[in-house]
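# Structural overview for review
Chain residues, written in single-letter form:
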Amino acid sequence: EHPDVRAAARVALREHAAARRADVLDALDKVFAGTDWRANEQAALLAGELTYEEAAKRLVALLGAPRPEPGIAAAWALRRLALPDTLAPALAHFK
């Protein structure tokens with residue numbers, strides 16, 4: 001529910017990361033540890049926006065999420081990160 005609120009929260013976190021990046025990345029890791037698809041979708045987008053390379057494994061895992069939204073966001077973030085080590089595992093989700 002309320003996609004505009006989720007997007008606004010993501011934008012606020014992105015802006016907050018300019019001053020408190022470590023805190024925002026810690027929050028992202030906590031979200032990625034959960035299973036809420038809405039939170040994972042926004043976390044994936046934020047990981048891409050912040051070029052958070054340490055999230056790459058979780059982003060690859062989200063490609064196989066039961067709902068398409070987190071997987072689409074993860075694919076976008078992975079493309080933005082463009083880490084060579086993620087290509088083969090990401091492609092394996094589409095075989």
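See the structure printed just above.
Everything numeric here is computed off the predicted structure, so don't read it as measured data. (Residues numbered from 1 in each chain as written. Predicted model: local features only at pLDDT ≥ 70, side-chain atom pairs only at ≥ 80, totals over all residues. Heavy atoms only, no water.)

### Brief notes about the nonpolar core
We apply this condition: We call a set of buried Ala, Val, Leu, Ile, Met, Phe, Trp, Tyr and Cys residues a nonpolar core when their side-chain atoms join them within 4.5 Å. Accessibility here uses a 1.4 Å probe with only protein chains present; expressed as a share of the type maximum, an area under 20% marks a residue as buried, one over 50% as exposed, and anything in between as partly exposed. Helix and strand definitions here come from DSSP, where helices need a minimum of 4 consecutive H or I residues and strands a minimum of 2 consecutive E residues; each element is numbered from the N-terminal end. By definition, residues are in contact when any of their heavy atoms lie within 4.5 Å.
Leu28, Phe32, Ala47, Leu50 and Leu59 are the most contacted members of the largest nonpolar core, which totals 23 residues. If you list the elements that add at least two residues to this core, you get α1 (3-32), α2 (37-49), α3 (56-62) and α4 (68-81). With residues up to four places along the chain from it excluded, the contact list for alanine 47 reads Leu28, Phe32, Tyr52, Ala55, Leu59 and Leu81.

### Topic: unusual backbone geometry
A positive phi is found at threonine 51, a non-glycine position, where the angle reads about 45 degrees. With respect to the secondary-structure elements, threonine 51 resides in the loop between α2 and α3. Using a relative accessible area of 43% as the deciding quantity, one classes threonine 51 as partly exposed.

### Quick word on the pattern of salt bridges
So the rule is basically this: When a carboxyl oxygen of Asp or Glu is within 4 Å of a side-chain nitrogen of Lys or Arg, the pair counts as a salt bridge.
Applying the stated rule across the entire model yields four salt bridges. For arginine 10, the salt bridge identified is with glutamate 49, shortest N-O distance 3.2 Å. Of this pair, arginine 10 sits in helix α1 while glutamate 49 sits in helix α2, placing them 39 residues apart in sequence. For arginine 10, a relative accessible area of 14% corresponds to the buried category. A salt bridge links glutamate 69 to arginine 67, with the nearest nitrogen and oxygen atoms 2.7 Å apart. According to the relative accessible area criterion, glutamate 69 is partly exposed, its value standing at 23%. Owing to a relative accessible area of 37%, arginine 67 belongs among the partly exposed residues under this scheme. Look at the salt bridges and you will find they share partners, linking Arg10, Arg14 and Glu49 into a network.

Structural measurements only, silent on function.
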